[in-house]
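Results of the structural survey
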Amino acid sequence: NAAFVGRLDYSGMAGLLVGASLYHGSATQGEYVSGTTATMYDLHLSYENSGFKAKALYTATQIDDADKIAASTNPDATGNSISDANGYYVNVEYDVLAQMNTEYKLPVFVQYDYINPVDTVVDATNTTVPTTDLDAESTTTTVGINFFPHEQVVLKLDYAMVDYEDSSVEDRDTLSFSFGLLF
């Protein structure tokens, strides 16, 4: 199936990138359901200056005629399908070694993200159904530090605090240490 994908960016100021992207096309593959379309878009921003970096992204997805997908998965009209989802993040970091005469980098960062993969759900009759049993809405706040002993090697330490909107799902905090290579 044909689809449209596009992206537009502006980078006319040193260190700044602002843009948006869009996908519009079939929401399904193959012969299962026809006539459903998905529209996905994002708005993104990044800025870098003297060891400071900021990034932000918002994205949303809408599936038109999601009721057809729900009906195809459960012909007795008891199936459900996601019709809307969205999320965003904001990340701010500063390289504490940026002003020193060294090849090493030591950025400290904080990131906040919101994810709602099940914003709206419809049934086979195109009626919006409550998402309480399906609710995976969450926010995460992560703080951390990355050490780059070489431009292609990173040691990462971060602490993430996940808060689920659904009170029946236990919130969780995670301490992570990782090692990365770029090759």
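Everything in this summary refers to the structure shown in the same document.

What the protein chain contains, in helices and strands, is one helix and ten strands. Sequence separation of at least 24 residues holds for 48% of the intrachain contacts in the protein chain that already meet a minimum separation of 6. Here the protein chain displays about 11,600 Å² of accessible surface, and carbon together with sulfur accounts for 57% of that area.

As judged from the eight bridges shared by strand β1 (residues 3–10) and strand β2 (residues 16–26), these two strands associate in the antiparallel manner. Directly across from Ala3, in β2, lies its bridge partner Gly25. Pairing geometry for β2 and strand β3 (residues 37–49), over eleven bridges, is antiparallel. If you follow Leu17 over to β3, its bridge partner there is Ser46.

The next thing to look at is the pairing of β3. Sheet analysis places β3 next to strand β4 (residues 52–64), joined by 13 bridges and oriented antiparallel. Paired with Asn49 across the two strands is Phe52, which belongs to β4. With antiparallel pairing between neighbouring strands as the criterion, β3 and β4 make up a hairpin whose turn holds two residues, including Ser50 at a positive phi of roughly 50°.

Quick look at the packing of aromatic side chains now. For the coordinates displayed, the defined rule picks out five aromatic pairs. A ring pair is formed by Tyr104 and Phe147, whose centres lie 5.7 Å apart and whose planes are at 45°; its orientation type is tilted. Separated by 43 residues along the polypeptide, Tyr104 in the loop between β5 (80–95) and β6 (107–123) and Phe147 in strand β8 (residues 138–150) bring together distant segments of the chain. Residue Phe147 is classed as partly exposed on the basis of its relative accessible area of 28%. An aromatic cluster is built from Tyr88, Tyr112 and Tyr114, whose rings are joined through pairwise contacts.

Considering the arrangement of structural elements, one finds Asp42 in strand β3. Among buried Asp, Glu, Lys and Arg side chains, Asp42 stands out as unpaired, with Arg7 the closest opposite charge at 6.0 Å. Polar contacts involving the side chain of Asp42 include one to the side chain of Ser21, which spans 2.2 Å. Those residues within four positions of Asp42 in sequence are excluded, and the remaining contacts are Gly19, Ala20, Ser21, Leu57, Tyr58 and Thr59.

Judged by side-chain charge, Asp163, Glu165, Glu170, Asp171 and Asp173 come together as a negatively charged surface patch. Within the element layout of this structure, Glu170 appears in the loop between β9 (153–164) and β10 (172–181). Owing to a relative accessible area of 69%, Glu170 belongs among the exposed residues under this scheme.

The next thing to look at is the environment of Thr139. The topology assignment puts Thr139 in strand β8. A relative accessible area of 18% means that Thr139 is categorised as buried. Apart from the residues lying within four places of it in its own chain, the contact partners of Thr139 are Tyr112, Asp113, Tyr114, Met161, Val162 and Asp163.

Attention shifts here to unusual backbone geometry. For Ser50, which is not glycine, the phi dihedral falls at a positive 50°. Summarising the element assignment, Ser50 is placed in the loop between β3 and β4. Exposure remark for Ser50: the relative accessible area of 52% places this residue in the exposed category.

The rules we used
Residues numbered from 1 in each chain as written. Predicted model: local features only at pLDDT ≥ 70, side-chain atom pairs only at ≥ 80, totals over all residues. Heavy atoms only, no water. Helix = DSSP H or I, 4+ residues; strand = E, 2+ residues; numbered from the N terminus. Contact = heavy atoms within 4.5 Å. Areas by Shrake-Rupley, 256 points an atom, 1.4 Å probe, with all protein chains shown as cover. Pairing = 2+ DSSP bridges. Phe/Tyr/Trp six-rings, centres within 6.5 Å; stacked < 30°, edge-to-face > 60°. Buried < 20%, exposed > 50% of the residue type's maximum accessible area, 1.4 Å probe, protein only. Lys, Arg positive; Asp, Glu negative; His and termini not counted. Salt bridge = Lys/Arg side-chain N within 4 Å of Asp/Glu carboxyl O. Polar contact = N/O pair within 3.5 Å; in protein donor to acceptor, adjacent residues only side chain to side chain. Patch = residues over 30% accessible without salt bridge, like charges linked within 9 Å, V, L, I, M, F, W, Y side chains within 5 Å. Charge placed at Lys NZ, Arg CZ, Asp CG, Glu CD.

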